[in-house]
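Residue-level listing of the chains:
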Amino acid sequence: MTSHSAVFVTGGTGLVGRHAVSALRRAGCRVTMLMRRHPDEPLPTDVRVVQGDLVRASELTRHLRGHEVVLHAGGSIGGARSRRSLRAVFVEGTLRLLAAAEHQCVRRFVHVGSLSVLEPGPNGCLESESAMRKPTAMLPDYVRAKIDAELAIDNVRARGGLEVVVVRPGVVLGEGDRTTTPLLLRALAHPFAFGIGTGANLIPCVAAEELGDALARAVTEPGLASLCVYVTSSERITQRSLLEWHAAAAGLPMPRMWLPPGLAERAARVLEAAYGCVGAAPPVTRLAAAVGATDLHVVPGEPESRIGWRGTGSCRDAVRRAVAYSMARARRLKHDKLYSRWEPLGSGGRP
Ligand SMILES: NC(=O)c1ccc[n+]([C@@H]2O[C@H](COP(=O)([O-])OP(=O)(O)OC[C@H]3O[C@@H](n4cnc5c(N)ncnc54)[C@H](OP(=O)(O)O)[C@@H]3O)[C@@H](O)[C@H]2O)c1
């Protein structure tokens, strides 16, 4: 693979994909983006765009012709989505893309996975050898869909032919976030905002720009067949610090209630169902409650050194950028009434 490779990117308008596209362009790659609709922000002029949807794309094989690498960052996690719609994009969409890549003899498939598919060891440790979780009914639908997508990828890897690199990031923070930061701001703005446990649990995170850089390395580094890389910041970030950074950047109060994890999960279930009935975005989802309660410690290993990446950027700065983007976007779209509690606070809140 060279830095001039032709790269086909899914999800290029999303948080992960947009930073990956920037890093790939900086690295000199020729980028084609699959897009299902025109984005609400301008696109770089040197990027080729093809229209299509991972869920119903019949033209994927044709679109992939002439590309050496596929970078698969498509699929949205925000909002309360049904199991069916999550599977349609994350599992069936991935299968469709893999089939098209094999058909067109693409050389490498870089998949954006998730740490949530892994079974933590003692003390919440995630290491290179950590096994995948069993996809039980107890897991959130998103996690089950991500596990099944990785199992499909394993099958293709076992057949040989296609180099497969799986990049598993922590919670991604930064400009372009339509999921985590908007959700945390909605939660903090809610009169019954709550934290989970004591808030001292560790949540692996990464700044979106740094993830973009890691993905560009996963695309361009030679000789990376069959690699799984964990991409998380070297900072130790707790649930409480994530909430504090968001509260400070948006000028919102910290939660006054701290619920035990089981109760928080039940509260999230009730809120998700209640808000779903009226078609509104809930202040907390079951997935967010599950992520908020995790206590994980990622141990970097040999795979990370093979792409030459080290997460040293500041996640607090990434949160500031995410909050500024969220507030500007909410003002522009003016569709989410729950933002009105913090919108009048002005541009950007406290530094
Ligand atoms: N964000 C995180 O903290 C995080 C952490 C770990 C792993 N990940 C993984 O990273 C990937 C991207 O997440 P993200 O945070 O960037 O999500 P995002 O900001 O919601 O972006 C999702 C992207 O996928 C596109 N997309 C969604 N459904 C599609 C479909 N049916 N066909 C074609 N494109 C579709 C979206 O297009 P539109 O612009 O048209 O909506 C958008 O470009 C996912 O696989 C996710 O599991 C994310």
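Scroll up to find the structure this text is about.
Residues numbered from 1 in each chain as written. Predicted model: local features only at pLDDT ≥ 70, side-chain atom pairs only at ≥ 80, totals over all residues. Heavy atoms only, no water.

Engineer: Would you mind showing me how to read the site of the ligand here?
Structural biologist: In the neighbourhood of the ligand, 27 residues make up the surrounding shell, with T13, D53, L54, Y142 and K146 lying closest. Within the side chain of T13, a nitrogen or oxygen atom sits 2.6 Å from an oxygen atom of the ligand. At the level of secondary structure, the elements contributing two or more residues to the shell around the ligand comprise helix 1 (15-26), helix 3 (83-103), helix 4 (141-159) and strand 8 (171-173). In terms of residue class, the shell around the ligand is built from 13 nonpolar, 9 polar and 5 charged. (Near = heavy atom within 4 Å. Polar contact = N/O pair within 3.5 Å; in protein donor to acceptor, adjacent residues only side chain to side chain. Helix = DSSP H or I, 4+ residues; strand = E, 2+ residues; numbered from the N terminus. Nonpolar A, V, L, I, M, F, W, Y, C, P; charged D, E, K, R; others polar.)

Engineer: I keep staring at the nonpolar core and nothing clicks. Help me out?
Structural biologist: One broad trend across soluble globular proteins is that nonpolar side chains are buried collectively. F8, L60, V70 and F109 are the most contacted members of the largest nonpolar core, which totals 36 residues. Elements represented by at least two residues in this core include exactly helix 2 (60-64), helix 3, helix 4 and strand 7 (163-169). Top element by residues in this core is helix 3. It accounts for 8 residues. Each residue touching F8, except ones within four places of it in the same chain, is listed here: T32, L34, V50, L60, H63, L64, H67, V69, V70, L71 and L97. By size, the runner-up hydrophobic cluster in this structure holds 35 residues, among which are L24, M35, V172 and A216. (Core = buried A, V, L, I, M, F, W, Y, C linked by side-chain atoms within 4.5 Å. Buried < 20%, exposed > 50% of the residue type's maximum accessible area, 1.4 Å probe, protein only. Contact = heavy atoms within 4.5 Å.)

Engineer: Could you clarify how one ought to interpret the layout of surface pockets in this entry?
Structural biologist: To find the voids left in a structure, one rolls a probe of water-molecule size over its atoms. The calculated volume of the second largest pocket comes to roughly 400 Å³. Considering the residues around the second largest pocket, the lining is formed by 22 residues, among which T232, S233, S234, V298 and P300 are closest to the centre. At the level of elements, strand 11 (227-231), strand 13 (297-298) and helix 10 (302-306) are the ones that each hand at least two residues to the lining of the second largest pocket. (1 Å grid on protein atoms, 1.4 Å probe; cavity = no way out; pocket = protein on both sides within 12 Å on 5 of 7 lines; lining within 4 Å. Points joined across faces, edges and corners; volume = space filled by probe spheres on them.)

Engineer: Where do I start with the sheet that holds strand 4 (residues 69-72) in this structure?
Structural biologist: Strand pairing in a sheet takes place through backbone hydrogen bonds and is either antiparallel or parallel in direction. The strand order across the open sheet formed by 7 strands is 3-2-1-4-5-7-11, and the pairing between neighbours is parallel. Looking along the sheet, the strands with just one partner apiece sit at the ends: strand 3 (48-51) and strand 11. Neighbouring strand axes in the sheet, compared pairwise and without regard to direction, differ in orientation by 20 degrees on average. Bridge count between strand 1 (residues 6-10) and strand 4: 4 bridges; the pairing is parallel. Directly across from F8, in strand 4, lies its bridge partner V70. Set on the sheet, helix 6 (residues 208-220) makes contact with strand 1, strand 4, strand 5 (108-112), strand 7 and strand 11; between it and strand 5 the angle comes to about 160 degrees. (Pairing = 2+ DSSP bridges. Axes fitted to C-alpha atoms, helices over the stretch in contact; angles between N-to-C directions.)

Engineer: Could you clarify how one ought to interpret the pattern of salt bridges in this entry?
Structural biologist: Once their charged atoms are close, side chains differing in charge can pair, the charge on each being opposite to the other. The tally for this structure, following the rule as stated, stands at 14 salt bridges. Between E59 and R62 there is a salt bridge, with its nearest N and O atoms 2.1 Å apart. Owing to a relative accessible area of 46%, R62 belongs among the partly exposed residues under this scheme. With a shortest N-O distance of 2.9 Å, R269 and E265 are connected by a salt bridge. Of the two residues, R269 and E265 both sit in helix 8 (residues 261-277), 4 residues apart, roughly one turn of that helix. What makes R269 partly exposed here is its relative accessible area of 45%. The exposure class of E265 is partly exposed, given its relative accessible area of 28%. (Salt bridge = Lys/Arg side-chain N within 4 Å of Asp/Glu carboxyl O.)

Engineer: Got a minute to help me understand the environment of S114 in this structure?
Structural biologist: One can find S114 in the loop between strand 5 and strand 6 (125-126). By relative accessible area, which is 9% here, S114 ends up buried. For the pair S114 and V171, spaced 57 residues apart in sequence, the C-alpha to C-alpha distance is 8.8 Å. Look past the residues within four positions of S114 in its chain and what remains in contact with it is Y142, K146, E150, R168 and P169. A distance of 2.6 Å separates the side chain of S114 from the side chain of S116, its partner in a polar contact.

Engineer: Even after reading the chapter, I still don't get the packing of aromatic side chains, so can you show me in this structure?
Structural biologist: All chains considered together, the criterion is met by 1 aromatic pair. Between F90 and Y142, the aromatic rings sit 5.5 Å apart at their centres with planes inclined by 75 degrees, giving edge-to-face as the arrangement. With a gap of 52 residues between them, F90 in helix 3 and Y142 in helix 4 connect regions that are remote in the sequence. (Phe/Tyr/Trp six-rings, centres within 6.5 Å; stacked < 30°, edge-to-face > 60°.)

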